[in-house]
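Structural description and commentary
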Amino acid sequence: MCGIVGAISKNRNILPILITGLKNLEYRGYDSAGVAYLKNNKINIVKTSGKVSKLENKLNKSDESNIGIAHTRWATHGKATSVNAHPHRVNHITIVHNGIIENFKEIKEMLENNNYSFKSSTDTEVGCALLNYYYEKFKDVDKTIKAFMDKVMGSYAITMIIDSDLDNLYVLKKESPLVIGISDNTNIVASDIRAILKYTNKYYILDDFEYAKISSNEVIIKSIKGEILNKELHTLDLKDNDNSKGHYKHYMLKEIMEQKTTILKTVLPFIEEGIDSLMTLPDLTKYKEIFIVGCGTAYHAGLVAKYLFEEVTNTRCSVYLASEYRYQNNFLSKDTLTIFISQSGETADTIAALKLVKSKGYPTLGIINVENSTISYLVDTCLYTKAGSEIAVASTKAYTAQVALLSILVHSHGLRNKTISRDNTIEVIDEFKSIEKLITPLLNDKDTYLSIAKNIYKEEDIFYIGRGLDYYLSMEGALKLKEISYIHSESYAAGELKHGTISLIKKNTPVIASATNSNLNAKTISNLKEVLARGADIYLICDDNYKDDTFTIVNIPRASEFVKPILVIIPYQLIAYYTATLRGTDIDKPKNLAKSVTVE
Ligand code: F6R
């Protein structure tokens, strides 16, 4: 979603830093962009709806500046117009802002009563006016920021330029990520360190209710009380952050292919030394029930874990959508562990659910991909997936890394509660160690996926079905297809079709299924026959060399319950990918979607 970059330098033109930073944040999703910088001793603001390249074209090529702020906006309050785009400026103050000022209506009214008027429909302009109001009142930045933090409800990462103090940038933060990158005579602010890695990998992380004064060669970070803080300087490992597309046409395809290594990389620390390594994972036997919370694909990974917890280790597990979890009776107790799954670690709904659990004092565990992200800080214990940067909006390698890590976690639990034998563990560890060999033929089977894609890409409705674990996997398959191809695709428990949905099946409706559980396959296949009899075209992913000329069949190797979900999902990912290529959609940045959903 929204992205921030700001820079101040003694000896460099910061405009290329701002534009490069914004381009690196594009993948997160946005619909307008803007920049403010010092030009001829005045703040010059250039904004546009649409892409960063459009903004770049609007900039005067010969302009240079040593202080500036920039932003990509994903519209929430007000449409994606250039008026609503950031930066916003009110009298002496210019800001860019990520987050949402929840009480902006009340603040706006107060400011209107104090003769402020507004050009945009954004909460950010109101925040900017409030900063200006306090600055004119106190004539002091510390007091201004404290008053702002006391007054504003909601979330913000703000970068600010004050006309009377052009040797400094100011940043303030609550619940939206913000880092300060350190370079030679140049300091760079960003909502994600990965946006500015070209310039530095050394950075400070701002925590909630902290702010900083940043000049070209100094960073002073303070608490809301105005105390100077001695913060840790972090260094990001560059080798794990390859953001190039390589020879691939799309990041999504590159990331699907990267699963050859990311799955093993994620689980290796916990299987390297066999059972001893597994025992380094948290002990879950003290909990009576496991709750799992996440959104979208992360929620789907949670469902796979539910299946494994319940069916293999006989442990109750409930999975919740984070956006629903906060508003329902959540039956928390000291005997429950709540696991939060998130690729970005910044998803607003997941953070809100986590804060709720924490506020009640109950234990939490995170399965997170992005190190040093908000959720990774908030949880009691954090386990990292090692998928590396995921740029495509549609999650692929992060999902399989989540599933793999959860599988290993469940496995260690099964060993501890004696529902899994040591022999079984050795087999599963071997499977994970040979995961590249298992998945490479599936990843390389382009002809099969492309021929399925050719049959389905003109359709507007596609059904996904399965039973048990296959049902949960079909949910992820349907999500992948709909988000990147814009074909309406829904998944259903196979046995449910005849309770309503089958009425929608007509001649040539594609029905895609997986059947990989020998106890349930016969039932799924009879459900497929029912839709076949009503004219549907059937595509079946299965692992037992099932033969049926009336179906198109994708065979996957046999594997344990722990590795099988990974094998099933690869054909689903690639069917979605090739279908979207035939429809010519913007695969890496599908419309209306953002990579990191930082609003509730
Ligand atoms: C779909 C997808 C989304 C995310 C969801 C949660 O491909 O990527 O459904 O899974 O927005 O995001 P994270 O995992 O960052 O919390």
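Residues numbered from 1 in each chain as written. Predicted model: local features only at pLDDT ≥ 70, side-chain atom pairs only at ≥ 80, totals over all residues. Heavy atoms only, no water.

Turning next to the packing of aromatic side chains. Counted by the stated rule, this structure contains 11 aromatic pairs. On the basis of an interplanar angle of 70° and a centroid distance of 6.4 Å, the ring pair of Y116 and Y133 is categorised as edge-to-face. Residue Y116 is found in the loop between α3 (104–112) and α4 (123–138), and its partner Y133 is found in helix α4; the two are separated by 17 residues along the sequence. Ring centres of Y577 and Y578 lie 5.0 Å apart, and the angle between their planes is 80°; on these two criteria the pair is classed as edge-to-face. Accessibility classification places Y577 together with Y578 in one group, the buried group. By way of ring pairs, the aromatic residues Y116, Y133, Y134 and F138 are connected into one cluster. Directly above the aromatic system of Y486 lies the positively charged group of K591, at a separation of 4.1 Å from the ring centroid. (Phe/Tyr/Trp six-rings, centres within 6.5 Å; stacked < 30°, edge-to-face > 60°. Helix = DSSP H or I, 4+ residues; strand = E, 2+ residues; numbered from the N terminus. Buried < 20%, exposed > 50% of the residue type's maximum accessible area, 1.4 Å probe, protein only. Lys NZ or Arg CZ within 6 Å of the ring centre and 35° of its normal.)

The topology assignment puts I228 in the loop between β13 (219–223) and β14 (234–235). What makes I228 exposed here is its relative accessible area of 63%. Placed 17 residues apart in sequence, I228 and Y211 show a C-alpha to C-alpha distance of 9.7 Å. Setting aside its immediate chain neighbours within four residues, I228 contacts I220, I221 and K222. (Contact = heavy atoms within 4.5 Å.)

Right, let's get into the sheet that holds strand β5 (residues 88–90). Read across the open sheet, the six strands follow the order β5-β6-β7-β8-β12-β13; overall the sheet is antiparallel. Each edge of the open sheet carries a strand with a single partner, namely β5 and β13. Between one strand axis and the next, the sheet turns by 20° as a mean value, whatever way the strands run. Bridge count for strand β8 (residues 169–174) against strand β12 (residues 210–214) is five bridges, and the pairing is antiparallel. In the strand pairing of β12, V171 is matched with A212. α4 contacts β5, β6 (93–98) and β7 (156–162) of the sheet and is inclined by roughly 135° relative to β6. (Pairing = 2+ DSSP bridges. Axes fitted to C-alpha atoms, helices over the stretch in contact; angles between N-to-C directions.)

Residues I290, I292, F309, I339 and F432 are the most contacted members of the largest nonpolar core, which totals 91 residues. Ranked by the residues each element gives to this core, the list is headed by helix α19 (residues 564–583), at 12 residues. Two domains each provide a minimum of three residues to this core, namely domain 2 (242–433) and domain 3 (439–587). Those residues in contact with I339, other than ones at most four positions away along the chain, are I290, F291, I292, V293, F309, L365, I367 and L409. (Core = buried A, V, L, I, M, F, W, Y, C linked by side-chain atoms within 4.5 Å. Domains from an automatic or database assignment.)

The next point concerns the state of the cysteines. Here the structure, examined in full by the defined rule, presents zero disulfides. We note that C2 lacks a disulfide partner, and the nearest cysteine sulfur, in C128, lies 16 Å from it. (Disulfide = S-S within 2.5 Å.)

Attention shifts here to α19. A rise of 1.5 Å per residue sets the reference length of α19, with its 20 residues, at 28 Å; its end C-alpha atoms lie 30 Å apart and thus fit the reference within 8%. The buried fraction of α19 is high, at 17 of 20 residues. At the exit of α19 stands G584, carrying a positive phi of roughly 70°. (Expected span 1.5 Å × (residues − 1).)

A word on helix α13 (residues 397–416). Compared with an ideal rise of 1.5 Å per residue, which puts 20 residues at 28 Å, α13 spans 29 Å between its outermost C-alpha atoms and is within 8% of the ideal. α13 sits mainly inside the fold: 19 of its 20 residues count as buried. Downstream of α13 by one or two residues, K418 has phi in the positive range, about 65°.

With respect to spatial proximity, 14 residues lie near the ligand, and among them S342, Q343, S344, T347 and E483 are the closest. Within the backbone of T297, a nitrogen or oxygen atom sits 3.1 Å from an oxygen atom of the ligand. Here an oxygen atom of the ligand and a side-chain polar atom of S344 are 2.6 Å apart. A total of 410 Å² of accessible area belongs to the ligand in isolation, and the protein chains cover 89% of it. The cavity where the ligand resides is the second largest pocket. Put simply, the parts of the chain that give the shell around the ligand at least two residues each are α9 (296–313) and α17 (469–485). Residue composition of the shell around the ligand, grouped by class: five nonpolar, seven polar and two charged. Two domains each provide a minimum of three residues to the shell around the ligand, namely domain 2 (242–433) and domain 3 (439–587). (Near = heavy atom within 4 Å. Polar contact = N/O pair within 3.5 Å; in protein donor to acceptor, adjacent residues only side chain to side chain. Areas by Shrake-Rupley, 256 points an atom, 1.4 Å probe, with all protein chains shown as cover. 1 Å grid on protein atoms, 1.4 Å probe; cavity = no way out; pocket = protein on both sides within 12 Å on 5 of 7 lines; lining within 4 Å. Sits in = over half its atoms within 2 Å of the grid points. Nonpolar A, V, L, I, M, F, W, Y, C, P; charged D, E, K, R; others polar.)

Let us now look at the domain arrangement of the protein chain. The domain boundaries assigned to the protein chain delineate domain 1 (3–236), domain 2 (242–433) and domain 3 (439–587). Placing a centre on the C-alpha atoms of domain 1 and another on those of domain 2 gives a separation of 34 Å. Listed by partner, the interface residues are eight residues for domain 1 and 11 residues for domain 2. Taken over both partners, the interface formed by domain 1 and domain 2 buries close to 840 Å², and the fraction arising from carbon and sulfur atoms is 48%. Of all residues in domain 1, the largest losses of buried area upon contact with domain 2 belong to Y27, E175 and R194, amounting jointly to 55% of the total for that side. Summed over the shared surface of domain 1 and domain 2, the number is one salt bridge. In this structure, the salt-bridge partner of K355 is E175, at a minimum N-O distance of 3.0 Å. (Buried area = accessible area lost by both parts, 1.4 Å probe. Salt bridge = Lys/Arg side-chain N within 4 Å of Asp/Glu carboxyl O.)

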